[in-house]
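Descriptive structure summary
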Amino acid sequence: MRSPYFRQALSSRWAKQENGVYIFKKPNITPETFSIILKYIYSSTIKVDTLSEIEIVNVLGAADELCLNLLVEVLQGVLMERKHLWMDKQSVLIYNAGQKYPTCTLLSEIMQEALYQEPELLLKSDDFTSLDIETVNWILQRDDLGMSELELWRCLVKWGIGQLETTLDPEVTKWSDEEFTELEQILCPCIPYIRWRHIPAAEFEKQVLLFKRLLPPELHDPDISGSSVFYTSPTYSTVASRIQSVLINPDQVARIASWIDRLDITPLENGDQFYKSWHIPYQFKLVVRGSRDQRFLQHTLTSNQALVIIKPSNSTEILGGYNPLSWSNKLITSNKEPQNTALLKDCFIFSLGSDEKNDILSRVIDPKDSIYCNNYCSPVFGKGDLFSKGHFENGQPCGCKQTSYEKPLRQSADQFIIEEFEVFQVIKKEY
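None of these values were measured; they are calculated from a predicted model. (Residues numbered from 1 in each chain as written. Predicted model: local features only at pLDDT ≥ 70, side-chain atom pairs only at ≥ 80, totals over all residues. Heavy atoms only, no water.)

1. Description of the pairing of strand 6 (residues 318–323)
The two faces of a sheet get side chains in turn, since along a regular strand they alternate between them. The condition is simple: Exposure classes here rest on a 1.4 Å probe applied to the protein chains alone. A residue is buried below 20% of its type maximum, exposed above 50%, and partly exposed in between. Only DSSP runs of H or I reaching four residues or more are called helices, and only runs of E reaching two or more are called strands; each is numbered from the N terminus. Pairing between strands is defined by DSSP: at least two bridges between them are needed.
Among the six residues that make up strand 6, six are buried, leaving the element largely enclosed by the rest of the structure. Of the two faces of strand 6, the one holding Ile318, Gly320 and Tyr322 and the one holding Leu319, Gly321 and Asn323 are both buried throughout. In this structure, the hairpin formed by strand 5 (residues 305–312) and strand 6 is closed by a connection of five residues, where asparagine 314 is found at a positive phi of approximately 55 degrees. Looking at chain direction, strand 6 and strand 7 (residues 348–352) are connected through five bridges and run antiparallel. Considered in strand 7, the bridge of glycine 320 is made with phenylalanine 350.

2. Looking at helix 2 (residues 31–43)
What counts, and what does not: Each helix should span, by expectation, one fewer than its residue count multiplied by 1.5 Å. The arc in question is formed by the directions pointing from the helix axis toward the C-beta atoms. Any two residues whose heavy atoms approach within 4.5 Å at even a single point are treated as in contact.
With 13 residues, helix 2 ought to run about 18 Å at 1.5 Å a step, and its terminal C-alpha atoms sit 18 Å apart, in line with that. If you check which residues of helix 2 are buried, you get Thr33, Ile37 and Tyr40. Projection of helix 2 onto a plane perpendicular to its axis shows the buried side chains occupying an angular sector of 60 degrees, all on one side. Exposed residues pointing more than 90 degrees away from the buried face of helix 2 are listed as Pro31, Glu32, Lys39 and Tyr42. Looking at the buried side of helix 2, the elements it contacts are helix 3 (53–65) and helix 4 (69–81). Looking one or two residues past helix 2, serine 44 carries a phi angle of roughly 65 degrees, positive in sign.

3. A few points about a nonpolar patch on the surface
Under the convention used in this document: In this scheme, patches are assembled from residues that exceed 30% relative accessible area and form no salt bridge. Like charges are connected within 9 Å, while nonpolar side chains (Val, Leu, Ile, Met, Phe, Trp, Tyr) are connected within 5 Å. The Shrake-Rupley method, run with a 1.4 Å probe, gives the accessible areas here. Residue values count only the displayed protein chains as cover. Here, a salt bridge means any Lys or Arg side-chain nitrogen found within 4 Å of an Asp or Glu carboxyl oxygen.
There is a patch of nonpolar side chains on the surface, built from Leu10, Tyr22 and Phe24 and spanning about 280 Å² of accessible area. Considering the arrangement of structural elements, one finds tyrosine 22 in strand 2 (residues 21–22).

4. Focus: the nonpolar core
Filter applied, for reference: By nonpolar core is meant a set of buried Ala, Val, Leu, Ile, Met, Phe, Trp, Tyr and Cys residues that side-chain atoms within 4.5 Å join together. For the purposes of this description, domain bounds are those given by an automatic or database domain assignment.
Leu131, Trp153, Leu156, Trp159 and Trp196 are the most contacted members of the largest nonpolar core, which totals 72 residues. In terms of residues, this core owes the most to one element, helix 10 (residues 149–162), which gives seven residues. For this core, the domains that each give at least three residues are domain 1 (4–117) and domain 2 (133–230). In terms of nonpolar packing, the next biggest core, distinct from the first, is built from 25 residues, Leu247, Ile260, Phe350 and Leu361 among them.

5. So, the pattern of salt bridges
If you walk through the whole model with that rule in mind, you get 17 salt bridges. Note that arginine 363 is salt-bridged to aspartate 264, the shortest N-O span being 2.9 Å. In this pair, arginine 363 sits in strand 8 (residues 360–363) while aspartate 264 sits in the loop between helix 14 (250–260) and strand 3 (282–289), placing the two residues 99 residues apart along the sequence. Under the relative-accessibility criterion, arginine 363 is labelled buried at 6%. By sharing partners, the salt bridges in this structure join Glu118, Glu120 and Lys124 into a single network.

6. Considerations on empty space enclosed by the protein
The condition that has to hold: Put plainly, a pocket is an open set of points on a 1 Å grid over the protein atoms alone with protein on both sides within 12 Å along at least five of seven lines, a cavity is a set where a 1.4 Å probe fits but cannot get out, and a lining residue has an atom within 4 Å of a point. Grid points are joined across faces, edges and corners, and a volume is the space filled by probe spheres set on the points. Each residue gets one label: Ala, Val, Leu, Ile, Met, Phe, Trp, Tyr, Cys and Pro are nonpolar, Asp, Glu, Lys and Arg are charged, and the others, such as Gly, are polar.
A complete count under the given rule lists one cavity of 30 Å³ or more for this structure. Considering only enclosed or pocket space, the largest cavity measures out at about 40 Å³ in volume. Forming the boundary of the largest cavity are Leu123, Val136, Leu140, Leu152, Cys155, Leu156 and Trp159. Element by element, the count of residues in the lining of the largest cavity is highest for helix 10, at four residues. Split by residue class, the lining of the largest cavity holds seven nonpolar, no polar and no charged.

7. Things to note about the side chain of arginine 363
Rules: Pairing of N or O atoms within 3.5 Å defines a polar contact, subject to two protein rules: one partner must be a possible hydrogen donor and the other a possible acceptor, and residues neighboring in sequence count only if both atoms are side-chain atoms.
Polar contacts involving the side chain of arginine 363 include one to the main-chain carbonyl oxygen of tryptophan 259, which spans 2.8 Å. When neighbours within four sequence positions are excluded, arginine 363 is seen to be in contact with Trp259, Arg262, Asp264, Ile265, Asp346, Cys347, Phe348, Tyr405 and Glu406.

The values are spatial; any link to function lies outside them.
Structural data, given as structure tokens:
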């Protein structure tokens, strides 16, 4: 009565008897899990309070296989109530369940939203070694990870060690040739997805070359002094920087970085007006995202330059503004802080197109009118060139009316609704 599976399995077309007993072979379900299923079938109850998250997922898998749809729905609800317990520690367990069991749509949706906000979530989970290699490579290929390449490398090594049947000595120098070979075979498909160029040479030599025997020979080639590291293959040397953003990609970040350094006015020695996506001299650190953090208050940023990215609703436009100073309660506007005028001349606003030919770059005309913010509103660029009515917040009205900057960002001065926004600290890289 509870299960379409058993209604079919116990029918005359399927059921087989041996000595008057129906035999079912279910290798995917352990006796302990099936005992819980049987109690539910006969009593309509299940004591979820006594079950761990792993046990609930095991029962969930059995319920999915046995078409106990009501139980699947209830158990997903229980896991949602326990979200605060497993999100950081057992997110891989829940992710795998959502991927493996077709009826677990709620778990699949909640993990999709979590990975949208924090795509490196699975790698930071306590149970990340239970990830399969296809998922690991899928994560490593993403441009929007919020982890450094060095952190990703350390995580990858730990994951590889977790796939071994033997336990390795904590001291790498004590690993045997066989252990190195086995680990190398595991990590080999993942190596190309670490963006080695973006690991500072000093850190590479200090923390990566210890595992030299795991790496392909073309990855590292020290010079005569043995101190510099070169990446001799395009596979490793021309891979884009990552940017933890759902709005902009590495190519767009490279253009913004170029504007920060005024390459449109003073190009690089080779004549390029734009940095390559694999050679961006800044780290863009995500501080606020509207769908994750709700509002942007200016005191969120207390140091480093700041970048605001805005996506209007029902539009493919990407708008933004750059402030070379910090937004804080102490920094209101340049005409009240005259000593900051020299830096504020570098403020600019922009609209990103499909490529650099369709971008709009608009620099400030008078630094005294470049930015404004207080406790009651988010930062405003100019006297309305890019502003939010109140604080930057998803669903909040925003507008662009050219007054204090060189060019208008939009053809229309009509206000629009913010669909999503992000704020970044812009930090100079040290190599």
